[in-house]
Amino acid sequence: MSEPLRIALAGLGTVGGGVIRLIETNAEIIARRAGRPIVITAVSARNRGKDRGVDLSGYHWEDDMVILGERPDVDVVVELVGGADGPALALARTTFEAGKALVTANKAMIAHHGIELATRAEAAKAALKFEAAVAGGIPVIKGLKEGAAANAIQRVYGILNGTCNYILSTMEDTGRDFADVLAEAQAKGYAEADPTFDIDGIDAAHKLSILASVAFGTATDFQSVIATGIRRVLAADIAQADALGYYIRLIGMAETDVDAHGNRRLFQRVHPHLVHRDHPLAHVDGATNAVVVEGNFAGPLLFQGAGAGDGPTASAVVADLIDIARGDIGAPFSIPVAELDPATPAASGHRSGRAYLRFTVADRPGVLAEITAAMRDAGVSIESMIQKGRGVAGDAPGAGQVLVAMVTHEGPESGIAEALRLLEGSPSLAEAPLVMHILGE
Ligand code: NDP
Ligand code: HSE
């Protein structure tokens, strides 16, 4: 067997601990598949004295993790610290300056700096791999780069945040409240260091921008992802959706097409959707992620599995290491950076579909007429409507208020935006309406 692949681990938290356990437990199977052993030589984290439940005595410790990139006994640096900038980015740059490979689970860093880092990696003729950054243990980056490589892909969408999916599906199953379930997701190690990244859709937006780049051959464009999280979803919305035959899921969706002027257009949105019970994504529960890739020859491909947690994420990290051990450098985003298209970001104006709208309104005569008049004036057709209030359980509206939920017929999304604009500032509305699009059936 050839020389071992020597790795350094920066970050020994949920994922870092998982990587150590996986490399130690499956050492033999990994060595056989990689063609050589993968060994850890050095590690770094913030607090050397912390008990991590793993024995670190066989590894060199570096207080300054950036030094890992310069160590002569390291071939690959594995960055499992997190954060778009700061020490993670400094370590990545140092690693490529030293001509070494980098494996990372850090979607924030790849979404913000992936193009710069891929350029550095290409210049250094070194690998940059980030399978674990998108959908945890699911090999979707590999699926796109390899299995679906022959297809033109127009659309990729799915459930990309385990924390949000855990919260929504647990609220659905148990009726428990948002804050309580979020605390549980944090305790299980699913949530980001700053959980607002999860619940405000930012983490899913990071992943979506990476996925879109690999799927479409476009440069990553995190800034143009339109992101809404699940903070405003009430138990009452979950109950209404259920009554209508839907579950609520946070969906990331990216599409590319060519506009009327012949320009390549890229639409990227993270948004809570109503997903019909018959759709496979409706039954994706807990911290599970699922991604649908629509290939022009393969048709829809569904990738599903654990999207977060130590074991699944470590599995994706070590799969990247095995590729590197076999000599696979590859282009980080499938094709060389210079050949990635700079697609024009698209807003939602060109799209159409059905939507769920929820209004919290004053319980007095004429309010419904005001809302429906705005819908009429904006050309939005209402398919069904439910009013709840005056004693609704759980997160009921305030005194003197009612919840009005409606589902629209298929129509341009621009119509809904116009109806909301017409209602803006209305004293009848206690808060801004909540819009959730309905995933196409
Ligand atoms: P944790 O918070 O559990 O671990 C982070 C680790 O980084 C800790 O060991 C911490 O040290 C170390 N660290 C933090 N700041 C510094 C610093 N300034 N210098 C040196 N070390 C530092 O995070 P996770 O393991 O959950 O996540 C790691 C990465 O993986 C993130 O990019 C995350 O987005 C990504 N990821 C996480 C998944 C998950 O399920 N958790 C899934 C997919 C990706 P110490 O322990 O001493 O405090
Ligand atoms: N915080 C992320 C999630 C971890 O909940 O999906 C996996 O990337």
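Cut-off values and rules
- Residues numbered from 1 in each chain as written.
- Chains lettered and ligands numbered in written order.
- Predicted model: local features only at pLDDT ≥ 70, side-chain atom pairs only at ≥ 80, totals over all residues.
- Heavy atoms only, no water.
- Buried < 20%, exposed > 50% of the residue type's maximum accessible area, 1.4 Å probe, protein only.
- Helix = DSSP H or I, 4+ residues; strand = E, 2+ residues; numbered from the N terminus.
- Pairing = 2+ DSSP bridges.
- Polar contact = N/O pair within 3.5 Å; in protein donor to acceptor, adjacent residues only side chain to side chain.
- Contact = heavy atoms within 4.5 Å.
- Phe/Tyr/Trp six-rings, centres within 6.5 Å; stacked < 30°, edge-to-face > 60°.
- Lys NZ or Arg CZ within 6 Å of the ring centre and 35° of its normal.

Attention now moves to the pairing of strand β1 (residues 5–10). Across the six residues of β1, five count as buried, placing the element largely inside the fold. In the sheet, β1 pairs with strand β2 (residues 38–44) via six bridges, with the strands oriented parallel. Bridge pairing links L9 to V43 in β2. Bridge count for β1 against strand β4 (residues 76–79) is four bridges, and the pairing is parallel. Across the sheet, A8 pairs through a bridge with V77, a residue of β4.

The next point concerns the side chain of K129. By the element assignment, K129 lies in strand β6 (residues 128–129). Using a relative accessible area of 6% as the deciding quantity, one classes K129 as buried. In terms of polar contacts, K129 uses its side chain to reach the side chain of D328, at 3.3 Å. Once residues within four sequence positions are removed from consideration, K129 is found in contact with L102, V103, T104, D320, D323, I324, D328 and I329.

We now examine the side chain of T94. Checked against the element boundaries, T94 lands in helix α3 (residues 86–97). Of the residues examined, T94 reaches a relative accessible area of 10% and is grouped as buried. A polar contact is formed between the side chain of T94 and the backbone oxygen of A90, at a distance of 2.8 Å. Beyond its immediate stretch of four places on either side in the chain, T94 contacts V66, G69 and E70.

All chains considered together, the criterion is met by two aromatic pairs. Plain terms: the ring middles of F130 and F333 are 5.2 Å apart, the flat faces sit at 40 degrees to each other, and that makes the pair tilted. Linking F130 in the loop between β6 and α5 (140–147) with F333 in the loop between α11 (310–325) and β13 (344–345), this pair joins segments that are 203 residues apart in sequence. Here F333 falls in the buried class, since its relative accessible area comes to 0%. An angle of 65 degrees between the planes, with centres 5.6 Å apart, marks the rings of Y166 and Y190 as edge-to-face. Of this pair, Y166 sits in helix α6 (residues 162–174) while Y190 sits in the loop between α7 (178–187) and α8 (196–199); the two residues are 24 residues apart in sequence, bridging distant segments of the chain. Both residues of the pair, Y166 and Y190, belong to the buried class. Positioned over the ring face of F130 is K145, at 5.8 Å from the centre of the ring.

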